[in-house]
Amino acid sequence: MMGVCVWVEQLLDEAEQSDTPNYGPALQHLKGLGPAAIDLEFQTLSLADDCKRHKQVMRMIEASMDTNRDFNVVQALLNLFLKYHGETIIDTAGLLELAKQLRQKQREHWLRLETLCQNNLCLIKYFSGIQTG
């Protein structure tokens, strides 16, 4: 039987084997784990191969943002990842560049989400006014 961490590593490797990476299975696997198992996954990421696993996780988070789904899950994973590996990211040029791209992507998606929420609030206020007026 494979360990928990081996499964995620295998799924991340499989995701990057095609021209258009598909991180969906890796994200679904993480979503199916309990908090302690996810914590273990992120704590035990290997620094080998020029931080290959860190780069894979960051690309998975970025790709997950592009799906416009599971916003809370992706944000929680990003928070946990940065909690354990923030120092490593700061000290590694390749990771720092990916982190900057991820930050920009997060800002774009947050702005989009914020705009959608604001539009919905405006519609609710508008339709509430019609019904009572």
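Everything quoted here is computed from the prediction, not taken from an experiment. (Residues numbered from 1 in each chain as written. Predicted model: local features only at pLDDT ≥ 70, side-chain atom pairs only at ≥ 80, totals over all residues. Heavy atoms only, no water.)

*Asks:* Provide a residue-level description of unusual backbone geometry, including the pertinent values.
*Replies:* Despite not being glycine, Cys51 shows a phi value in the positive range, around 60°. You can see Cys51 is positioned in helix H4 (residues 48-66). Under the relative-accessibility criterion, Cys51 is labelled buried at 7%. One non-glycine residue with positive phi stands out, namely Asp70, at about 55°. Looking at the element boundaries, Asp70 is found in the loop between H4 and helix H5 (71-91). (Helix = DSSP H or I, 4+ residues; strand = E, 2+ residues; numbered from the N terminus. Buried < 20%, exposed > 50% of the residue type's maximum accessible area, 1.4 Å probe, protein only.)

*Asks:* Can you lay out the pattern of salt bridges for me, pointing to particular residues and giving the numbers?
*Replies:* A full pass over the atoms with the stated rule returns eight salt bridges. As a salt-bridge pair, Arg53 and Glu9 come within 3.9 Å of each other at their nearest N and O atoms. In this pair, Arg53 sits in helix H4 while Glu9 sits in helix H1 (residues 4-15), placing the two residues 44 residues apart along the sequence. The salt bridge involving Lys105 is made with Asp66; its shortest N-O contact spans 3.1 Å. Residue Lys105 is found in helix H6 (residues 93-132), and its partner Asp66 is found in helix H4; the two are separated by 39 residues along the sequence. Take Asp66: its relative accessible area is 42%, and that puts it in the partly exposed class. Each of the salt bridges in this network shares a partner with another, and the network as a whole consists of Glu9, Asp13, Lys52 and Arg53. (Salt bridge = Lys/Arg side-chain N within 4 Å of Asp/Glu carboxyl O.)

*Asks:* Any chance you could break down the confidence of the model for the protein chain for me, citing the residues and the numbers?
*Replies:* Averaged over every residue, the pLDDT of the protein chain is 88; the share at 70 or more is 92%. Averaged over each element, pLDDT in the protein chain is lowest for H1 (78) and highest for H5 (94). (pLDDT = per-residue confidence, 0-100.)

*Asks:* Describe the layout of surface pockets, with residues and values.
*Replies:* Considered as a void within the structure, the largest pocket measures approximately 200 Å³ in volume. Lining the largest pocket are Pro21, Asn22, Tyr23, Gly24, Leu27, Gln28, Ala63, Ser64, Thr67, Arg69 and Asp70. Looking at the lining of the largest pocket, the elements that each hand over two or more residues are helix H2 (24-32) and H4. Examining the composition of the lining of the largest pocket, we find that three residues originate from one element, H2, more than from any other. By residue class, the composition of the lining of the largest pocket is four nonpolar, five polar and two charged. (1 Å grid on protein atoms, 1.4 Å probe; cavity = no way out; pocket = protein on both sides within 12 Å on 5 of 7 lines; lining within 4 Å. Points joined across faces, edges and corners; volume = space filled by probe spheres on them. Nonpolar A, V, L, I, M, F, W, Y, C, P; charged D, E, K, R; others polar.)

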